[in-house]
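Chain by chain, the residues run as shown.
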There are 2 protein chains.
Amino acid sequence: MPDLQPSFILVRPQMGENIGAAARAMLNFGLSHMRLVGPRDGWPNPRAVAMASGAAGRVLDHARVFQTLPEAIGDCAHVFATTARSRDLTKPVMTPERAMEHARALCASGQKVAVLFGPERAGLENEDIARANTIISVPVNPDFASLNLGQAVLLCAYEWGRQGANTPPEVLELAGTERAPAIEIEKLGDHYEERLEEAGFFFPETKAEGMKLNLRNLWSRMPLTRADVQTLHGMLRQIVRRRDR
Amino acid sequence: MPDLQPSFILVRPQMGENIGAAARAMLNFGLSHMRLVGPRDGWPNPRAVAMASGAAGRVLDHARVFQTLPEAIGDCAHVFATTARSRDLTKPVMTPERAMEHARALCASGQKVAVLFGPERAGLENEDIARANTIISVPVNPDFASLNLGQAVLLCAYEWGRQGANTPPEVLELAGTERAPAIEIEKLGDHYEERLEEAGFFFPETKAEGMKLNLRNLWSRMPLTRADVQTLHGMLRQIVRRRDR
């Protein structure tokens, strides 16, 4: 099974800078198949190249250019069209999330998928959308919708990447240390309890048990690393040493 | 309970245009609390205003400006810091997805949340990040990571919006029509079967049953609207009429 990914097709893009920016946005999320339909300023476009440095330049080098949309989507089994406003066309409308989920399923079964993005000024024509299977509409604030071409490309690419990423949703970045095991937390608690006992902290007697429990709970609630535990021991030792001098 | 949403804090932003673009990106997903720490070119900034038209201008009008980060986050119970590269700091690192899920839970329990975005050139300093509770890192292509300030703001705002949206993931946009009920599909099938029978389409006899079954299945597999059904009846009637003239 080939490693299929959707082609992002820029339909009649106007500004070279936006073509370059689209290539960068795509590549951030591992997408490298770009197609262009009738780019206004011809192709290749030096402004697009200037915008897309490094690896994104190679996305442009490999971009396939077509004169018409039907040629550009000829080999695609499913075509998504991104639109901002609603059209008077009967068609399923999906969120980017659902659309990229669908695209992943199609690609996994070996089918070619395209996502269309319209020109900067007015977006796709109804002519173009009539050739798509499904509409993608980003659920934006109905009182303020202002996504531009680059942002639409970025959000679709992000959704593709998000759904395929095996990035854990949450990790603890440890700067050369590791989480302290319970035995170290226990000894830390002992150390503080002992010194605080000496200092007469647990007063009055009737409340001492409760105060000690709260303190044990505080230590174990903290996500302490072994380095943190050493720091906390060291702080206490130093304070006691100064006091006793 | 107040309708809490996170404040997006731009730390030492350089270009006014990017401040305006951030306001627009936020408002697309219903976020309107912006704070600024030491904007390079002072405040208010006419370039920011020029970039943020309409309602996004009001986000800038209400932006709160601070001299230092500790002042800007003083009232926040949880602070997220967006970073591109890994830092030598022990800290939980979350995807935007997980972070906004966490932010929603915090806001729902009445706590103020901030998300920090660093200056364009180099991002947040370790000084800044040390004051955050959690790091947000967008899982980008390790071989090509090039998200800028506006894109980081957009993706975090999108995640906030996506998780809170009650947009159905998929709807059928019907241009003044509705899905055809089964009885209409049945009658459509009858009409075609009848005319095709007359035309000698179901041949040879031994295969007729299977061919009819496949045709019935084709009609019911299509997501036809009542308007589609009328079109299909009309097409057939017209072809038969021409043929019989």
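Residues numbered from 1 in each chain as written. Chains lettered and ligands numbered in written order. Predicted model: local features only at pLDDT ≥ 70, side-chain atom pairs only at ≥ 80, totals over all residues. Heavy atoms only, no water.

A look at the overall build of chain A
Helix and strand counts for chain A come out as ten helices and eight strands. If you line up chain A on its principal axes, its C-alpha atoms span 85 × 40 × 40 Å. Counting only residues that meet the buried cut, chain A has 44% of its 245 residues in that class. Long-range pairs, those at least 24 residues apart, make up 83% of the contacts in chain A with a sequence separation of at least 6. Total accessible area on chain A stands at roughly 12600 Å², and carbon and sulfur atoms take up 52% of it. In chain A, which carries 29 positive and 29 negative side-chain charges, the distance between the mean positions of the two groups comes to 3 Å. (Helix = DSSP H or I, 4+ residues; strand = E, 2+ residues; numbered from the N terminus. Buried < 20%, exposed > 50% of the residue type's maximum accessible area, 1.4 Å probe, protein only. Contact = heavy atoms within 4.5 Å. Areas by Shrake-Rupley, 256 points an atom, 1.4 Å probe, with all protein chains shown as cover. Lys, Arg positive; Asp, Glu negative; His and termini not counted. Charge placed at Lys NZ, Arg CZ, Asp CG, Glu CD.)

Observations regarding the interface of chain A and chain B
The partner chain B presents 47 residues to the 47 residues of chain A that form the contact. Considering only the side of chain A, the residues that lose the most area to chain B are N28, F144 and E173 of chain A, jointly responsible for 17% of the buried surface there. Where chain A touches chain B, the interface holds six salt bridges. Of the charged contacts in the structure, one is a salt bridge between E97 of chain A and R162 of chain B, with a shortest N-O distance of 2.9 Å. Linking chain A to chain B there are 20 residue pairs in polar contact (both at pLDDT 80 or more). Secondary structure elements with two or more residues in the side of chain A that touches chain B: α1 (16–28), α3 (55–61), β5 (91–94), α5 (96–108), α7 (149–164) and β8 (170–173) of chain A. The element best represented in the side of chain A that touches chain B is α7 of chain A, accounting for six residues. Taken together, the residues that form the side of chain A that touches chain B break down as 25 nonpolar, twelve polar and ten charged. (Buried area = accessible area lost by both parts, 1.4 Å probe. Salt bridge = Lys/Arg side-chain N within 4 Å of Asp/Glu carboxyl O. Polar contact = N/O pair within 3.5 Å; in protein donor to acceptor, adjacent residues only side chain to side chain. Nonpolar A, V, L, I, M, F, W, Y, C, P; charged D, E, K, R; others polar.)

Observations regarding the confidence of the model for chain A
In the predicted model, chain A carries a mean pLDDT of 92, and the fraction of residues at 70 or more is 98%. Both confidence scores are given for the complex: pTM 0.87, ipTM 0.86. (pLDDT = per-residue confidence, 0-100.)

Details of the relation of the copies chain A and chain B
Screw-axis analysis of chain A against chain B gives a translation of 0.0 Å along the axis, an RMSD of 0.1 Å, and a rotation angle of 180°. A rotation of that kind, with that shift, is consistent with a two-fold axis. A shared binding surface is used by both copies, with 100% of the interface residues of chain A retained as interface residues in chain B. (Least-squares fit on C-alpha atoms with pLDDT ≥ 70 in both.)

Here's the deal with the sheet that holds strand β7 (residues 134–136) of chain A
As summarised here, the arrangement of the eight strands in space is β3(A)-β2(A)-β1(A)-β6(A)-β4(A)-β7(A)-β5(A)-β8(B), forming an open sheet in which the pairing is mixed. What marks the edges here is a single partner per strand, and that holds for β3 (64–66) of chain A together with β8 (170–173) of chain B. Averaged over neighbouring strand pairs, the angle between their axes works out to 25° when direction is ignored. Bridge analysis of strand β4 (residues 78–82) of chain A against strand β6 (residues 113–117) of chain A gives four bridges, and the strand direction is parallel. If you follow V79 of chain A over to β6 of chain A, its bridge partner there is A114 of chain A. Here α1 of chain A sits on the sheet in contact with β1 (7–11) and β2 (34–37) of chain A, set at roughly 155° to β2 of chain A. (Pairing = 2+ DSSP bridges. Axes fitted to C-alpha atoms, helices over the stretch in contact; angles between N-to-C directions.)

Remarks on the sheet that holds strand β4 (residues 78–82) of chain B
Within the open sheet, the eight strands sit side by side as β8(A)-β5(B)-β7(B)-β4(B)-β6(B)-β1(B)-β2(B)-β3(B). Their pairing is mixed. Strand pairing shows two members of the sheet lacking a second neighbour, β8 of chain A together with β3 (64–66) of chain B, which therefore form its edges. Neighbour to neighbour, the strand axes of the sheet diverge by 25° on average, direction disregarded. Both strand β1 (residues 7–11) of chain B and strand β2 (residues 34–37) of chain B contribute to a ladder of four bridges, which runs parallel. Directly across from L10 of chain B, in β2 of chain B, lies its bridge partner L36 of chain B. Those strands touched by helix α1 (residues 16–28) of chain B are β1 and β2 of chain B, and its axis lies near 155° from that of β2 of chain B. In this fold helix α5 (residues 96–108) of chain B packs onto β8 of chain A together with β4, β5 (91–94), β6 (113–117) and β7 (134–136) of chain B, with an angle of close to 160° to the strand it touches most, β4 of chain B.

Thoughts on the nonpolar core
By size, the foremost hydrophobic cluster in this structure holds 82 residues, and its most contacted members are M34 of chain A together with M34 of chain B. Dropping the residues within four chain positions of it, M34 of chain B is found in contact with F8, L10, I19, A22, A23, M26, V59, L60, H62, A63 and R64 of chain B. (Core = buried A, V, L, I, M, F, W, Y, C linked by side-chain atoms within 4.5 Å.)

Let's talk about the packing of α5 of chain B against helix α7 (residues 149–164) of chain B
Residue and element names in this part refer to chain B. Their axes nearest at 9 Å, the elements α5 and α7 cross at an angle of 60°. Taken together, the axes of α5 and α7 are oblique relative to one another. By crossing handedness, the relation of α5 to α7 is classed as right-handed. Here P96, E97, M100, E101, A103, R104 and C107 of α5 come into contact with α7, specifically with C156, E159, W160, R162, Q163 and G164. (Parallel < 35°, antiparallel > 145°, perpendicular 65-115°, else oblique. Left-handed = near helix turned anticlockwise from the far one by under 90°.)

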